[in-house]
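Residues per chain, in single letters:
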Amino acid sequence: MSSPAANVPGKKHVPFVPETMEMKEFTLRAMLLGLFMTVVLGAANAYLGLRAGITIAATYPAAVIAMAAMRAWKGSLLEENIARTAGSIGESVAAGAIFTLPAFLLAKAWPSFRPADAYWKSTALIMVGSILGVLFISLVRRGMVEDPELPFPESLAASEIHKAGQRGAQAAKYLFWNIGLGGVVYILGKFGLFAADTDLHVGVGSLGHSQVRLGTAGSTNVVATGGTTVFAAPSVSPAYLGVGYIIGVKLASIQFAGSVLAWGLLVPLFIFFLGPQLKAYIPADTPDNWATMADAVWRYIVRPIAVGGMLVGAGFTLFKMRASLTAGLGKAFADLRQTSAEQAKLARTERYMSSKIVFGLIAGMFVLMCLLYIKISGLFWPAILAAVVMILVGFFFATVSGNLVGFIGSSNNPISGLTLSTLLIAALLMVALGVSGTSGVAAVLGVAAVVCVSSAVAGELLQDFKVGYILGGTPQKIQTAELIAVVVASLVMYFPLMLLHEGSIKAGGVGFGGPELPAPQAGLMATLALGIVGHDMAWPLVVVGILFGIAMIMMQVKSPMLVAVGMYLPFGTTFAIFVGGVIRSLGDWLADRRGFNSAQKARVENAGVLVASGLIAGEALLGLVWAGLQFVPSWGAPNHPPQIFGNPSYRVGGMIVLAGLAALMMFLPVSAAGDPNEPAPPTAIM
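In what follows, the accompanying structure is described. Model, not experiment: these values are computed from the prediction. (Residues numbered from 1 in each chain as written. Predicted model: local features only at pLDDT ≥ 70, side-chain atom pairs only at ≥ 80, totals over all residues. Heavy atoms only, no water.)

A separate point is the nonpolar core. With 192 residues, the main nonpolar core has Leu125 and Tyr373 as its most contacted residues. Per element, the largest residue contribution to this core is 19 residues, and it comes from helix H15 (residues 437-471). Setting aside residues no more than four positions away along its own chain, Tyr373 makes contact with Leu125, Gly378, Ala383, Ala386, Ala387, Met390, Gly446, Val447 and Val450. (Core = buried A, V, L, I, M, F, W, Y, C linked by side-chain atoms within 4.5 Å. Buried < 20%, exposed > 50% of the residue type's maximum accessible area, 1.4 Å probe, protein only. Helix = DSSP H or I, 4+ residues; strand = E, 2+ residues; numbered from the N terminus. Contact = heavy atoms within 4.5 Å.)

Shown next as structure tokens:
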């Protein structure tokens with residue numbers, strides 16, 4: 001942990017590396033390693049977020065990789081910190097990108113996601129948002145970093161990991177070996193060794209025989225009912241299982257409950273009543289394709305209900321944090337009053353980028369944003385207004401994001417909720433100005449995209465400032481590393497998104513919004529932008545979802561937002577995440593049964609998180625490779641690559657692989673418990 005003085009008001013904080021000590025810090029090798037990690041971890045999170053609607057904080061894996069590499073290169077602790085700082089920011093850039101960029105395509109504001117139509121727009125939006133995130137949080141960093149009331153859980157864990165350098169190489173083994181395993185399992189599924197998914201058809205009544213009498217006995221008001229619904233088995237996915245393991249069974253259960261409501265209540269209900277009528281709306285040559293009808297019911301009836309639930313969930317999350325938001329904004333304005341004389345007295349560990357430079361860069365970004373919004377929307381004054389809204393709301397939510405990270409860590413930062421609030425403000429302003437159609441939708445999504453990325457980056461940077469504060473890093477060098485990293489991440493982040501989208505289409509899918517890439521947050525953004533500006537939303541269904549969200553709050557559901565996201569995601573996805581959470585619980589039970597003490601349990605937890613992180617990264621990286629292979633003519637649909645089995649089995653092959661992954665995730669971490677007399681390591685807080 002940090003020194004006791006660090007969190008005691010009135011006492012001077014003493015960093016791990018004294019401010020008078022000269023040590024290598026901002027070096028070429030540290031930056032190159034950090035940039036490599038920011039691209040790889042950012043791309044992996046882009047894949048995971050588009051598929052599962054969740055991103056995993058990259059701070060912990062980046063710290064482990066940086067430590068292992070720098071130990072091999074005989075690098076310094078502060079070099080490790082710079083590499084981790086640059087390496088972890090890609091996850092935040094990816095989160096901002098996947099939550100908003102696909103929305104432009106889903107809302108038809110862009111004709112396609114190919115480079116000619118989307119690259120420069122995507123890159124400009126992400127880059128401006130990322131740079132603004134760094135600049136906004138630079139204005140308010142000191143008061144928040146030094147605030148004894150902000151615990152910064154992930155920052156403390158990351159700093160302790162760097163200090164506990166002796167365990168770096170050992171921890172890296174768990175990560176790297178399972179990256180390979182996750183990739184191999186994913187690719188073997190693609191080559192047909194086993195089936196990764198399967199559907200279970202369940203009759204809901206009997207078509208042609210079932211009926212509901214709308215009246216008393218003998219009434220002639222009879223409605224023909226009956227049909228067949230579909231349930232998906234848990235996907236055999238190392239990434240989904242890893243996500244479930246990291247978030248734990250409680251959160252995984254809440255999300256899975258949303259899917260159970262969608263596919264266990266709403267879809268069967270509509271199929272039962274609408275089954276005979278639904279048959280008239282599918283192609284004549286597929287009269288018994290109930291899977292298609294069930295998917296249509298879920299996609300066009302249940303998902304709008306989920307959108308209403310997500311609206312309420314996002315609003316409720318912000319309401320619960322209203323005290324933190326107010327405090328963060330107050331600290332922001334108080335910090336702006338610092339004089340130049342006070343800044344001149346600062347030691348090395350307290351030197352930040354000049355406020356004049358920060359304000360100058362913000363002004364430059366504002367001008368670029370005005371030009372970009374004019375180009376994207378084709379409007380002038382509405383675009384200028386959108387840029388003004390972006391600056392004001394962006395600064396507010398960047399501060400909010402940093403404050404929230406100080407309390408709950410970047411993994412739990414409700415970026416989508418902040419973005420949703422921004423989108424609503426911008427959309428209502430566009431409507432008030434009389435703007436409608438594609439131009440208005442593009443302007444609204446442009447504001448949301450920049451604010452989303454800036455909020456995500458601001459929260460991650462504040463977390464990195466805190467780690468540097470504890471370790472004794474130079475804030476100015478941390479800022480420089482972040483600025484370089486976000487520019488590089490912005491330049492390349494479009495490509496994994498494009499690869500996944502176009503690869504899905506080449507393989508016979510639909511890209512963003514389809515079963516392979518549900519992109520739930522982007523779908524929500526597109527739906528709201530179209531609904532408010534484009535007047536194209538199923539409002540009665542959304543209102544039903546809003547009332548459902550209010551009911552969940554009244555029932556004191558822990559996370560209404562997570563339930564609504566579960567309704568929005570495919571059943572097989574949330575089922576697999578839930579299975580991952582159950583595996584985590586079984587591993588904890590096994591550790592208790594073996595009588596491990598707290599130090600051994602901490603080592604088991606660390607190893608488990610690294611195993612899960614490796615499986616996630618392995619599938620994500622090979623998923624990008626697989627998407628790229630779809631551009632090879634002989635691999636694209638309908639000419640699929642050679643299959644090991646022509647008709648791979650889920651019940652045999654898939655279940656065996658699932659059981660093997662479960663055994664690995666349970667027993668490998670337990671084997672890392674070590675001697676009960678060894679001191680406890682820092683716990684991985686994800």
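Further remarks concern the packing of helix H19 (residues 539-554) against helix H20 (residues 560-568). Helix packing for two helices is described by the angle between their axes and how far apart those axes are. At a closest axis distance of 10 Å, the pairing of H19 and H20 adopts a crossing angle of 140 degrees. As far as their axial angle goes, H20 and H19 are oblique. Between H19 and H20 lies a crossing whose hand is right-handed. Contacts from Phe548, Met552 and Ile553 of H19 reach H20 at Pro560, Val563 and Met567. The class makeup of the residues in the contact of H19 with H20 is six nonpolar, no polar and no charged. (Axes fitted to C-alpha atoms, helices over the stretch in contact; angles between N-to-C directions. Parallel < 35°, antiparallel > 145°, perpendicular 65-115°, else oblique. Left-handed = near helix turned anticlockwise from the far one by under 90°. Nonpolar A, V, L, I, M, F, W, Y, C, P; charged D, E, K, R; others polar.)

Okay, helix H17 (residues 494-506) next. Compared with the 18 Å implied by 1.5 Å per residue over 13 residues, the 18 Å span of H17 between its first and last C-alpha is a close match. Every buried residue of H17 is accounted for by Tyr494, Pro496, Leu497, Met498, Leu500, His501, Glu502, Gly503 and Ser504. Where H17 is buried, its residues contact helix H1 (28-52), helix H3 (77-106), helix H4 (115-138), helix H16 (475-492) and helix H22 (598-629). At the exit of H17 stands Gly508, carrying a positive phi of roughly 100 degrees. (Expected span 1.5 Å × (residues − 1).)

Bringing the packing of aromatic side chains into the picture now. Applying the stated rule across the entire model yields 17 aromatic pairs. Pairing Phe231 with Phe571 gives two aromatic rings, centres 5.8 Å apart and planes at 75 degrees, and the pair type is edge-to-face. With Phe231 in strand S4 (residues 227-232) and Phe571 in helix H21 (residues 571-593), this residue pair connects regions lying 340 residues apart in the sequence. Classification of Phe231 by relative accessible area gives partly exposed; the value is 22%. Taken together, a centroid distance of 5.5 Å and an interplanar angle of 75 degrees make the contact between Tyr494 and Phe495 edge-to-face. (Phe/Tyr/Trp six-rings, centres within 6.5 Å; stacked < 30°, edge-to-face > 60°.)

This next bit is on a nonpolar patch on the surface. Together, Val543, Leu547, Ile550 and Met554 make up a nonpolar patch on the protein surface, roughly 400 Å² of accessible area in all. Along the chain, Ile550 turns up in helix H19. For Ile550, a relative accessible area of 38% corresponds to the partly exposed category. (Patch = residues over 30% accessible without salt bridge, like charges linked within 9 Å, V, L, I, M, F, W, Y side chains within 5 Å. Areas by Shrake-Rupley, 256 points an atom, 1.4 Å probe, with all protein chains shown as cover. Salt bridge = Lys/Arg side-chain N within 4 Å of Asp/Glu carboxyl O.)

Within the secondary structure, Ser454 sits in helix H15. Excluding its chain neighbours within four sequence positions, the residues that come into contact with Ser454 are Gly129, Leu132, Gly133 and Gly394.

Glancing now at the pattern of salt bridges. Under the defined criterion, the tally for this structure stands at seven salt bridges. For the salt bridge of Arg29 with Glu79, the shortest nitrogen-to-oxygen distance reads 2.9 Å. With Arg29 in helix H1 and Glu79 in helix H3, this residue pair connects regions lying 50 residues apart in the sequence. The class of Arg29 is partly exposed, set by a relative accessible area of 28%. Taking the shortest distance from any N to any O, the salt bridge between Glu619 and Arg51 comes out at 3.2 Å. With a gap of 568 residues between them, Glu619 in helix H22 and Arg51 in helix H1 connect regions that are remote in the sequence. Both residues of the pair, Glu619 and Arg51, count as buried.

The next thing to look at is unusual backbone geometry. The backbone phi angle of Lys108 is positive, close to 65 degrees, even though this residue is not glycine. Summarising the element assignment, Lys108 is placed in the loop between H3 and H4. Residue Lys108 is classed as exposed on the basis of its relative accessible area of 66%. The phi dihedral of Ala519 falls on the positive side, at around 45 degrees, and the residue is not glycine. The topology assignment puts Ala519 in the loop between H17 and helix H18 (520-532). Residue class for Ala519 comes out buried when judged on its relative accessible area of 2%.

Take the packing of H3 against H18 next. Closest axis-to-axis distance for the H3/H18 pair is 7 Å, and the angle between their directions is 50 degrees. Classified by the angle their axes make, H3 and H18 are oblique. With respect to the hand of their crossing, H3 and H18 are arranged in right-handed fashion. Judged by residue contacts, Ile98, Phe99, Pro102, Ala103 and Leu106 of H3 engage Gln521, Ala522, Gly523, Met525, Ala526 and Leu530 from H18. In the contact of H3 with H18, the residues fall into nine nonpolar, two polar and no charged.

Counting buried residues in S4 gives five out of six residues, a clear majority hidden from the surface. Judged from the six bridges that link them, strand S1 (residues 199-204) and S4 form a sheet pairing that is antiparallel. Paired with Val202 across the bridge in S4 is Thr229. (Pairing = 2+ DSSP bridges.)

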